[in-house]
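Breakdown of the fold
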Amino acid sequence: MNARVPAEVFPPGEFLREELEARDWSQQELAEIMGRPPRLISELISGKRAVTPETAKGLAEAFGTSPDYWMSLESQYQLSKVKTEDGIVARKAALYGRFPVREMIRRGWVQASESVEVLEARFCDFFRIPDVSVQPELVHNAKKTHAHLEATPLQMAWLFRVRTLAEKQVVPAYSREKLAAAVEKLKALLLAPEEARHAPRILAEAGVRLVFVEAMPGSKIDGATFWLDDEKPVIGMTLRFDRIDNFWFVLRHEIEHVLREDGKADADVLIDSDLGSETDGIAECEGRANEAGADFCVQKGQLDDFVARVQPYFSEKKVLLFAQRINVHPGLVVGQLQRRLKRHDFLRKHQVKVRDFALQAADSDGWGSFSE
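Okay, so let's go over this structure. Keep in mind that what you see is a predicted model, and the values were worked out from it rather than measured.

Notes on helix α4 (residues 53–63)
- Listing the buried residues of α4 in full gives Thr55, Ala56, Gly58, Leu59, Ala60, Ala62 and Phe63.
- Summarising the contacts, the buried residues of α4 are in contact with α1 (12–23), α2 (27–34), α3 (38–46) and α5 (67–81).
- In the stretch just after α4, glycine 64 is the one whose phi turns positive, near 70°.

Take a look at the structure:
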């Protein structure tokens, strides 16, 4: 089969020369007709000068054509002179269209390269795929009936980073009994924000890998739960809302997924976004996890009793006394009352920050200090 040879593109001056010959005009005569310098016509024919919109209009009037005709000849000629590497731009566009390239490079997850081949290879390594056209799968099971996760590129990149950090952890075999006991240990930490630093260790002792990775802008992830090799539970959290109530609610929500082995049988990943903001139409397992998270922060019976006794006069003093009585930080009570009252500004000053404490003894990536 013969290789295709691209058609030769001639400069507008060649067509101009033919028009002059067809009319038996000299360059001087055309210059006089157009009211332009003879040098302009000479340089157009020799290809030393490009056709401008003004010149195109003059030529069109002189030869009875359209200005677009001459501008098109000029554009085609100029484009023919531009040499590009075949397919490079298209391949880069495809890569940027599939993955959050700029953000991943900024975080150091993938090293930048001027070579598209090298860049493609590095993204294949990160997502563990043979080719950039292959859809990444965080966990794989031969029995799976769906082709890939319903996750956005931003969420998928975040999940793979969580997985990479989780795989490096050395923890004992997972035990459901130990995790149930760990929940009670975590319950004892709810009084002070700095106690959050113990959470990774307590979960690790039960065989659960806890990883904190800063959320990708626009991903809206609060947390996620999945299983490595069908027996190693992983919890990933973004800590995108740096509040004590949100930290414990999301963590307990994800723990509930692990305790109930949600997604394990189907080798699925549970991606949790905007936790607690919706209650209608969510999956049964998410409803159970929401209830577990809320009850962990403040037991439902205790909160119901408090609300019944003091509403509608929820003074700061009464909230603080209630929190002291049930031995939790006031921020946890405030968080639950905000949901009940649909008032997110209610006593917000008590929702203290906890992120810095949580990251002290955890495997993490982000917040200005990206891991290698």
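What to know about the packing of aromatic side chains
- Enumeration according to the criterion identifies 15 aromatic pairs in this entry.
- Centre to centre, the rings of tryptophan 109 and phenylalanine 126 are 6.0 Å apart; their planes meet at 5°, and the pair counts as stacked. Residue tryptophan 109 is located in the loop between α7 (101–106) and α8 (116–127), and its partner phenylalanine 126 is located in helix α8; the two are separated by 17 residues in the primary sequence.
- Taking relative accessible area as the criterion, tryptophan 109 reaches 9% and is therefore assigned buried.

Observations concerning the nonpolar core
- Ranked by internal contacts, the top residues of the largest apolar core, which has 53 residues, are Leu179, Leu186, Phe247, Trp248 and Leu251.
- In terms of residue count, helix α12 (residues 244–259) provides more of this core than any other element does, 9 residues in total.
- Those residues within four positions of tryptophan 248 in sequence are excluded, and the remaining contacts are Leu186, Leu189, Leu190, Ala196, Ala199, Phe296, Cys297 and Leu332.
- Counting residues in hydrophobic clusters, the runner-up holds 34 residues, among them Phe123, Ala151, Ile221 and Leu228.

What about the packing of helix α6 (residues 88–98) against α8?
- At a minimum axis separation of 10 Å, α6 and α8 run at an interaxial angle of 25°. It follows from the interaxial angle that α6 and α8 lie roughly parallel. Regarding α6 and α8, the two cross each other, and that crossing is left-handed. Facing Ile88, Arg91, Lys92 and Leu95 of α6, the residues of α8 in contact are Val116, Glu117, Leu119, Glu120 and Phe123.
- A class-by-class count of the residues in the contact of α6 with α8 yields 5 nonpolar, no polar and 4 charged.

So, how was this worked out
Residues numbered from 1 in each chain as written. Predicted model: local features only at pLDDT ≥ 70, side-chain atom pairs only at ≥ 80, totals over all residues. Heavy atoms only, no water. Buried < 20%, exposed > 50% of the residue type's maximum accessible area, 1.4 Å probe, protein only. Helix = DSSP H or I, 4+ residues; strand = E, 2+ residues; numbered from the N terminus. Contact = heavy atoms within 4.5 Å. Phe/Tyr/Trp six-rings, centres within 6.5 Å; stacked < 30°, edge-to-face > 60°. Core = buried A, V, L, I, M, F, W, Y, C linked by side-chain atoms within 4.5 Å. Axes fitted to C-alpha atoms, helices over the stretch in contact; angles between N-to-C directions. Parallel < 35°, antiparallel > 145°, perpendicular 65-115°, else oblique. Left-handed = near helix turned anticlockwise from the far one by under 90°. Nonpolar A, V, L, I, M, F, W, Y, C, P; charged D, E, K, R; others polar.

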